[in-house]
Amino acid sequence: MEVLWAREDAGGQAATARDVSRALANDRDLAHTTVMTVLDRLAKKGFLARERDGRAWRYRPMASREGYVTELMLGALNETGDRDAALAHFVRSVSEDEIDVIRETLAGLMSKEPPA
């Protein structure tokens, strides 16, 4: 996913399994077929979109890195028995800079007109 998000962030096109294999070659010794299998599974689970390009598939993320992390956080929040307590604990555990981001985001949400 990191390879695909980085390509997207850089304005690149969707990647083939070969592109991903090459990008991972310095970090990991993975068989090309392993990369193909993982990409196929991620596509079947809805994390990646894929389109044919000749005989190869091209893959791109269905959501941004931030969107994916948001879904993970919401999933974790759903696992707690007390969402309010979990949110309060989370807010108490973040840095001052992160609290500023939360405040700014909430202020922006509060200033929007309610839907008619």
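Structure report, in brief. As the structure is a computational prediction, the values presented were derived from the model and not from experiment.

Moving on, we get to the pairing of strand 1 (residues 48-53). Here six bridges tie strand 1 to strand 2 (residues 56-61), and the two strands are oriented antiparallel to one another. Counted as the bridge partner of Glu51 is Arg58 from strand 2. Count of turn residues in the strand 1/strand 2 antiparallel hairpin: two residues, of which Gly54 carries a positive phi of about 70 degrees.

This brings us to the nonpolar core. Core analysis: the biggest nonpolar cluster contains eleven residues, these being Val3, Leu4, Ala15, Ala17, Val20, Val35, Leu39, Leu42, Ala43, Leu48 and Tyr59. Tallying contributions element by element places helix 3 (residues 32-44) first for this core, with four residues. Not counting chain neighbours up to four residues away, the residues in contact with Val3 comprise Val20, Ala23 and Leu24.

As a further point, take the side chain of Thr16. Inspection of the secondary structure assignment puts Thr16 in the loop between helix 1 (2-9) and helix 2 (17-24). If sequence neighbours within four positions are ignored, Thr16 has contacts with Ala56, Trp57 and Arg58.

Another aspect to go through is the packing of aromatic side chains. A complete count under the given rule lists two aromatic pairs for this structure. Ring centres 5.7 Å apart and planes at 45 degrees place the aromatic pair Trp5 and Tyr68 in the tilted group. Highlighted residues: Trp5 in helix 1 and Tyr68 in helix 4 (residues 65-78), separated in sequence by 63 residues. A ring pair is formed by Phe47 and Tyr68, whose centres lie 5.7 Å apart and whose planes are at 80 degrees; its orientation type is edge-to-face. Of this pair, Phe47 sits in the loop between helix 3 and strand 1 while Tyr68 sits in helix 4; the two residues are 21 residues apart in sequence, bridging distant segments of the chain. The structure contains a cluster of three or more aromatic residues connected by ring pairs, namely Trp5, Phe47 and Tyr68. Its end group placed over the ring of Trp57, Arg50 keeps NZ or CZ at 4.1 Å from the ring centre.

About the criteria used
- Residues numbered from 1 in each chain as written.
- Predicted model: local features only at pLDDT ≥ 70, side-chain atom pairs only at ≥ 80, totals over all residues.
- Heavy atoms only, no water.
- Pairing = 2+ DSSP bridges.
- Helix = DSSP H or I, 4+ residues; strand = E, 2+ residues; numbered from the N terminus.
- Core = buried A, V, L, I, M, F, W, Y, C linked by side-chain atoms within 4.5 Å.
- Buried < 20%, exposed > 50% of the residue type's maximum accessible area, 1.4 Å probe, protein only.
- Contact = heavy atoms within 4.5 Å.
- Phe/Tyr/Trp six-rings, centres within 6.5 Å; stacked < 30°, edge-to-face > 60°.
- Lys NZ or Arg CZ within 6 Å of the ring centre and 35° of its normal.

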